[in-house]
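So the chains spell out like this:
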Amino acid sequence: MIGGFMGVGTPDRLIDALVEAGTGDLTVIANDTAMPGKGIGKLISAKAVAHLITSHIGLNPETQAQMNAGTLKVDLVPQGTLVECIRAAGVGLGAVVTPTGIGTLVEEGKQVLDIDGVRYLVERPISADFALIAARQADYVGNLEYALTAQNFNPIMALAAETVIAEPDHIVPVGMIPPDAVRTPAALVDYLIERAR
């Protein structure tokens with residue numbers, strides 16, 4: 001999983017390192033692929049992604065071209081469904097039920113439940129081996145605070161990955177982040193990447 005919302009909250013240094021290392025054949029779970037040369041778009045440009053699970057590719061023509069050419073498998077998932085399926089994995093739920101997609105191609109091959117006369121699709125939880133996320137700041141033990149739209153996916157992804165690697169803009173002493181500003185507790189964070197000096 002790679003955090004971010006149109007590049008806000010995307011771990012640029014980690015993405016650059018993956019591109020530089022020549023990493024390939026990745027399955028990436030993300031809200032979007034930003035734009036060419038920006039955020040996850042760098043991985044798309046490098047053709048490092050084989051399978052993409054996302055809600056939006058409309059601003060990245062390279063993602064669209066690779067999908068249309070058949071070199072990139074893309075699973076388009078409605079944004080609310082995507083984040084809820086990730087959250088479900090993080091909190092141990094067995095499924096998400098949603099009316100989104102009923103009566104469309106999305107329904108094909110999926111289990112449908114009737115609850116009080118309303119039809120719902122059963123969507124499975126989504127987890128990952130790694131969550132790569134950016135944060136506004138972290139303290140020395142790994143508590144994370146986010147800014148702006150980085151709060152949309154990053155805290156949820158930190159719940160649903162086996163290993164969480166966070167790239168904060170600043171690392172500060174314990175106590176500098178107000179407790180009510182911590183969106184991801186240190187217990188979920190495995191590694192902090194310090195900004196190069």
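Here, every reference points to the structure presented above.
Residues numbered from 1 in each chain as written. Predicted model: local features only at pLDDT ≥ 70, side-chain atom pairs only at ≥ 80, totals over all residues. Heavy atoms only, no water.

### Quick look at the pattern of salt bridges
When the charged atoms of two side chains lie near each other, side chains of opposite charge can form a pair. Applicable threshold: Any carboxyl oxygen of Asp or Glu within 4 Å of a side-chain nitrogen of Lys or Arg constitutes a salt bridge here. Under the scheme used here, helices are H or I runs from DSSP no shorter than 4 residues and strands are E runs no shorter than 2 residues, and both carry numbers assigned from the N terminus. Whether a residue is buried, partly exposed or exposed follows from its accessible area with a 1.4 Å probe, protein chains only, as a fraction of its type maximum: under 20%, in between, or over 50%, in that order.
In the structure shown here, the tally under the stated rule is six salt bridges. Notably, a salt bridge pairs Arg119 with Glu107, separated by 2.6 Å at the nearest N-O pair. Remark: Glu107 occurs in the loop between strand E4 (96-98) and strand E5 (112-115) and Arg119 occurs in strand E6 (residues 118-123); sequence separation between them is twelve residues. Judged by its relative accessible area of 39%, Arg119 falls in the partly exposed class. Of the charged contacts in the structure, one is a salt bridge between Glu145 and Arg136, with a shortest N-O distance of 3.1 Å.

### A look at the sheet that holds strand E7 (residues 128-139)
Sheet strands associate in pairs through backbone hydrogen bonding, adopting either a parallel or an antiparallel arrangement. Heads up, the condition is: Strands are treated as partners if at least two bridges between them are detected by DSSP. A contact between two residues is defined here by any heavy atoms of the two lying within 4.5 Å. Axes here refer to lines fitted to C-alpha atoms; in helices the fit is confined to the stretch in contact. Angles between the N-to-C directions go from 0 to 180 degrees.
The strand order E8-E7-E9-E10 describes an open sheet built from four strands, whose pairing is mixed. Two strands bound the open sheet, and with one partner strand each, they are strand E8 (144-145) and strand E10 (191-192). Bridge count between strand E9 (residues 161-172) and E10: two bridges; the pairing is parallel. Bridged to Ile165 within E10 is Tyr191. Contacts from helix H1 (residues 12-20) reach E7 and E9, with the element oriented near 120° to E9.

### Notes on the environment of Arg136
Following the sequence through the fold, Arg136 ends up in strand E7. Given the relative accessible area of 34%, Arg136 is considered partly exposed. Expressed as a C-alpha distance, the spacing of Arg136 and Pro78, which sit 58 residues apart in the sequence, is 27 Å. Residue contacts for Arg136: discarding those within four places in its chain leaves Glu145, Tyr146, Ala147, Pro168, Asp169 and His170.

### What to know about the side chain of Glu145
Going by this rule: In protein, a polar contact requires one atom able to donate a hydrogen and another able to accept it; more generally it is a pair of N or O atoms within 3.5 Å, and residues adjacent in sequence count only if both atoms are side-chain atoms.
With respect to the helices, strands and loops of the structure, Glu145 is situated in strand E8. Only 2.7 Å separates the side chain of Glu145 from the side chain of Gln137, close enough to count as a polar contact. Residues in contact with Glu145, not counting those within four places in the same chain, are Ala135, Arg136, Gln137, Ile177 and Ala181.

### Regarding the sheet that holds strand E1 (residues 26-29)
Within the open sheet, the three strands sit side by side as E1-E2-E3. Their pairing is parallel. Edge positions in the sheet fall to E1 and strand E3 (73-76), since each has one partner strand and no second. Sheet twist, expressed as the average angle between the axes of neighbouring strands with direction ignored, equals 10°. Bridge count for strand E2 (residues 49-54) against E3 is four bridges, and the pairing is parallel. Bridge pairing in E3 links Ile53 to Asp75.

### Here we look at helix H3 (residues 61-69)
Each α-helix winds once per 3.6 residues, and so residues spaced three or four apart point in a common direction. Looking at where H3 begins, the residue whose side-chain oxygen comes 3.0 Å from the main-chain nitrogen of Glu62 is Asn60. Once H3 finishes, Gly70 follows within two positions and takes phi at roughly 80°, a positive value.

### Quick word on the nonpolar core
A general feature of soluble globular proteins is that nonpolar side chains tend to end up buried together. The criterion, for reference: As used in this record, nonpolar core signifies buried Ala, Val, Leu, Ile, Met, Phe, Trp, Tyr and Cys residues forming a set joined through side-chain atoms within 4.5 Å.
Met1, Ile29, Leu82, Ile86, Ile126, Ile133 and Leu144 are the most contacted members of the largest nonpolar core, which has 28 residues in total. Secondary-structure elements contributing two or more residues to this core are helix H4 (79-91), E7, helix H5 (154-159) and E9. The contacts of Ile29, once residues within four sequence positions are left out, are Met1, Ile2, Ile53, Leu82, Ile86, Ile126, Ser127, Ala128 and Met157. Formed by 16 residues, the second largest nonpolar core is a distinct cluster that contains Ile44, Val49, Ile57 and Leu72.

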